[in-house]
Amino acid sequence: MPISLSELSFVGQLTLLLLLLLSILSWGLIIDRYLRFVKSKKGFPQLIARISNIAQWSEWSSQSRMFDKLPSARTVRQVAQRAERETDPAALERYARIVGEAELGQIERGLPILATIGSTSPFIGLFGTVWGIIDAFIGIGRYGSPNLAVVAPGIAEALICTAAGLVVAVPAVVGYNYFVARVRDEARRIEQAADFILVFHNRAVTGGR
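Calculation notes
- Residues numbered from 1 in each chain as written.
- Predicted model: local features only at pLDDT ≥ 70, side-chain atom pairs only at ≥ 80, totals over all residues.
- Heavy atoms only, no water.
- Helix = DSSP H or I, 4+ residues; strand = E, 2+ residues; numbered from the N terminus.
- Buried < 20%, exposed > 50% of the residue type's maximum accessible area, 1.4 Å probe, protein only.
- Contact = heavy atoms within 4.5 Å.
- Axes fitted to C-alpha atoms, helices over the stretch in contact; angles between N-to-C directions.
- Parallel < 35°, antiparallel > 145°, perpendicular 65-115°, else oblique.
- Left-handed = near helix turned anticlockwise from the far one by under 90°.
- Nonpolar A, V, L, I, M, F, W, Y, C, P; charged D, E, K, R; others polar.
- Phe/Tyr/Trp six-rings, centres within 6.5 Å; stacked < 30°, edge-to-face > 60°.
- Lys NZ or Arg CZ within 6 Å of the ring centre and 35° of its normal.

S.K.: Which residues make up the overall build of the protein, and what values do they have?
M.R.: Check the secondary structure of the protein and you find 6 helices and 0 strands. Reading the secondary structure of the protein in the N-to-C direction produces α-α-α-α-α-α. Counting only residues that meet the buried cut, the protein has 41% of its 209 residues in that class. Contacts in the protein between residues far apart in sequence, at least 24 positions, make up 76% of those at least 6 positions apart.

S.K.: Can you tell me about the environment of E59, naming the residues and giving the values?
M.R.: Here E59 is to be found in helix α2 (residues 57–65). Classification of E59 as partly exposed rests on a relative accessible area of 25%. With 21 residues separating them in the primary sequence, E59 and A80 have C-alpha atoms 9.6 Å apart.

S.K.: Go over the packing of α2 against helix α3 (residues 71–83), please, and point to the residues and values.
M.R.: At a closest axis distance of 8 Å, the pairing of α2 and α3 adopts a crossing angle of 155°. By the criterion of interaxial angle, the relationship of α2 to α3 is roughly antiparallel. In the crossing of α2 with α3, the sense of the turn from one axis to the other is left-handed. From α2, W57, W60, S61, S64 and R65 reach across to α3, where they touch A73, V76, R77, A80, Q81 and A83. For the contact of α2 with α3, a count of residues per class yields 6 nonpolar, 3 polar and 2 charged.

S.K.: Now, about the packing of aromatic side chains: what can you tell me, with residues and values included?
M.R.: Summed over the entire model, instances satisfying the criterion amount to 4 aromatic pairs. Aromatic pair F37 and F179: ring centres 5.7 Å apart, planes at 20°, arrangement stacked. A residue pair is termed long-range when its members are at least 10 positions apart, and F37 in helix α1 (residues 10–51) and F179 in helix α6 (residues 148–207) qualify at 142 residues. For F37, a relative accessible area of 6% puts it in the buried group. Ring geometry for W60 against F200: centres 5.4 Å apart, planes inclined by 70°, an arrangement best described as edge-to-face. Of this pair, W60 sits in helix α2 while F200 sits in helix α6, and the two are 140 residues apart along the sequence. The residues W60 and F200 share a single accessibility class, namely buried. Aromatic rings pair up to connect Y34, F37, Y178 and F179 into one cluster. In this structure, R82 is placed above the aromatic ring of Y95, and the distance from its NZ or CZ to the ring centre is 4.5 Å.

This is the structure:
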């Protein structure tokens, strides 16, 4: 007969509650970051199509603002605003790198939390596992008999906590590894978009605005 939550010890219930909260947080981060990366990947070709044909300074902010939810577009807009008053191409390139790194930092927010959940959840589950086994041994000592009815609740609690820890950890680890690769893709998109404004600026400086 399946064991109900009410039959678990207080420590077992607390362990499962903590794992449930971590699971909700983990899936929330996974869904949020996934949607952001999908939107960025789909919108980037449209952004490039817009900015690749820009001929005047006034167009940079207006065109990039149309895609302001994309990290690459926000980078272009900020660099373009700086470029109008910057005469040193090397200084503008450094500024573009700083802005791009700041945008990547925003994208990476939450990933350390996923990594932490993925690495700690099995140990939280293991704590419940150990506690369940201890409870089983206490039952044996209390009743003086290692029969199934005595040890079953503790062993069941131990296995449930073990499984719960893995169920929480696996998606978090997979999500973290997936998003680390997507961050690298986003870094390339930011760099590629910033190159357009840098080239435009360099031509303006050398050829006159």
